[in-house]
Amino acid sequence: MSNRYGLLLRTVLVSLGSLLIFIPLILVVLGSLKNPAEAAKLDLSLPGQWIWTNYKTVFIEGRLLNGLKNSVLITFSTVILTIFAGSMAAYFLSRRQGKWVQYLFLLFFSGLIAPPSMIPTIKLLKFLHISGEYIGLILFLTTLMLPFTIFIMSGFVKNLPRELDEAATIDGAGSFKMFSRVIFPLLTPSIATTSVFVAIFTWNDFMNTLYIISDTSMWTLPFTVYNFVSQKGTEWQLVFADLLAVMLPMLVVYLFLQRYIIEGMTAGAVKG
């Protein structure tokens, strides 16, 4: 009987939690198809007239193609760089012994809880002459996501038998060849997990991009919403249509890859 009540309680809690996600999403979808007066009410009522041309207006006036190009470039580059650097760091920290390795791991781990300081970051980027450039933003976002990537991947690497390293060494493989040919292919579940998280974080990033990129032609999709917000008022129907266009790519990615995310998050615990 107690198990039944526990299951019922969990079902109710999960249902309430789902409403916190679905209600705003439904508000955005319905609002994107309303006229200006209806959309300004910010309610869940159905549109009096379904105005599909709002999406055409957003696509043309919002310069979505330019924002999409910038978002894809920054997100793809950040994911590749983060996975490449994070996987090698995780392998090194998981296979080496010593106090200095533990301190180094704690240093990376502190990046999960310590907020970034923007003023020193911007000064450093200016000193390196990459402030306001794609590469500056990509390197900064990569740095932000490295602690999470190393944390996930190091737990997975620790569960890979060291005999793999010894066998590769006997076959004459060097450290990099051993990692790229033997270890890296086995990290697929954790790579899928971290790739999705890094992609979603980068795609939706707003504040960091605002601080580092000043050229509006280099702004990403989240910034296109500004095209429909002014001192005279907000065109809510276009704002909602724009927000839906921004959310849709990562929502599709998450829906298709959610199985790999779960596998990657639980792989280390199951193998251990």
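Residues numbered from 1 in each chain as written. Predicted model: local features only at pLDDT ≥ 70, side-chain atom pairs only at ≥ 80, totals over all residues. Heavy atoms only, no water.

Draft legend 1. Representation of the overall build of the chain in the model. Assigned secondary structure in the chain consists of 12 helices and 2 strands. Listed by position from the N terminus, the elements making up the chain come as α-α-α-α-α-α-α-α-α-α-α-β-β-α. C-alpha extents for the chain along the principal axes are approximately 70 × 65 × 30 Å. Of all 272 residues assigned to the chain, the portion counted as buried reaches 37%. A sequence separation of at least 24 residues applies to 72% of the contacts in the chain between residues at least 6 apart. (Helix = DSSP H or I, 4+ residues; strand = E, 2+ residues; numbered from the N terminus. Buried < 20%, exposed > 50% of the residue type's maximum accessible area, 1.4 Å probe, protein only. Contact = heavy atoms within 4.5 Å.)

Draft legend 2. Quick peek at the pattern of salt bridges. Overall, the coordinates contain 1 salt bridge when judged by the stated rule. One salt bridge in this structure joins Asp43 and Lys34, with 2.9 Å as the shortest N-O distance. By relative accessible area, which is 1% here, Lys34 ends up buried. (Salt bridge = Lys/Arg side-chain N within 4 Å of Asp/Glu carboxyl O.)

Draft legend 3. Quick look at the packing of aromatic side chains. Scanning the model with the defined rule gives 12 aromatic pairs in all. Measuring from ring centre to ring centre gives 6.5 Å for Phe223 and Tyr226, while their planes differ by 40°; the resulting arrangement is tilted. Ring pairs connect the aromatic residues Phe206, Trp219, Phe223 and Tyr226, which therefore count as one cluster. (Phe/Tyr/Trp six-rings, centres within 6.5 Å; stacked < 30°, edge-to-face > 60°.)

Draft legend 4. Quick look at unusual backbone geometry. Not every positive phi belongs to a glycine, and Arg63 is a case in point at roughly 55°. Phi is positive for His129, which is not a glycine, with a value near 60°. Counting through the fold element by element, His129 comes out in the loop between α6 (118–127) and α7 (134–157). What makes His129 exposed here is its relative accessible area of 70%.

Draft legend 5. Inspection of the nonpolar core at higher detail. Formed by 31 residues in total, the largest nonpolar core has its most connected members in Val58, Tyr91, Ile183 and Leu187. Where this core is concerned, the elements lending two or more residues are α4 (64–95), α7, α9 (175–186), α10 (188–204) and α12 (236–271). Top contributing element to this core by residue count: α7, with 6 residues. Apart from residues lying up to four places away in sequence, Leu187 is in contact with Ser87, Phe156, Val157, Leu160 and Phe179. Ranked by size, the runner-up nonpolar core spans 14 residues in total, among them Ile74, Leu141, Ile212 and Trp219. (Core = buried A, V, L, I, M, F, W, Y, C linked by side-chain atoms within 4.5 Å.)

Draft legend 6. Layout of the environment of Thr193. Structurally, the position occupied by Thr193 is in helix α10. Spatially, the C-alpha atom of Thr193 lies 13 Å from that of Gly86, the residues being 107 residues apart in sequence.

Draft legend 7. Structural context of helix α5 (residues 99–110). The end-to-end C-alpha distance of α5 is 16 Å, a good match for the 16 Å that 12 residues give at a rise of 1.5 Å each. Of all 12 residues in α5, 1 are buried; the element is thus mostly exposed. (Expected span 1.5 Å × (residues − 1).)

Draft legend 8. Spatial organisation of the packing of α4 against α10. Look at α4 against α10: their axes get within 9 Å of each other, and the N-to-C directions meet at 145°. Considering how the two elements wind past one another, α4 and α10 form a crossing that is right-handed. In contact with Leu68, Ser71, Val72, Ile74, Thr75, Thr78, Val79, Thr82 and Ile83 of α4, α10 contributes Ile191, Thr194, Ser195, Val198, Ala199, Thr202 and Trp203. Looking at the contact of α4 with α10 residue by residue, the classes come out as 9 nonpolar, 7 polar and no charged. (Axes fitted to C-alpha atoms, helices over the stretch in contact; angles between N-to-C directions. Left-handed = near helix turned anticlockwise from the far one by under 90°. Nonpolar A, V, L, I, M, F, W, Y, C, P; charged D, E, K, R; others polar.)

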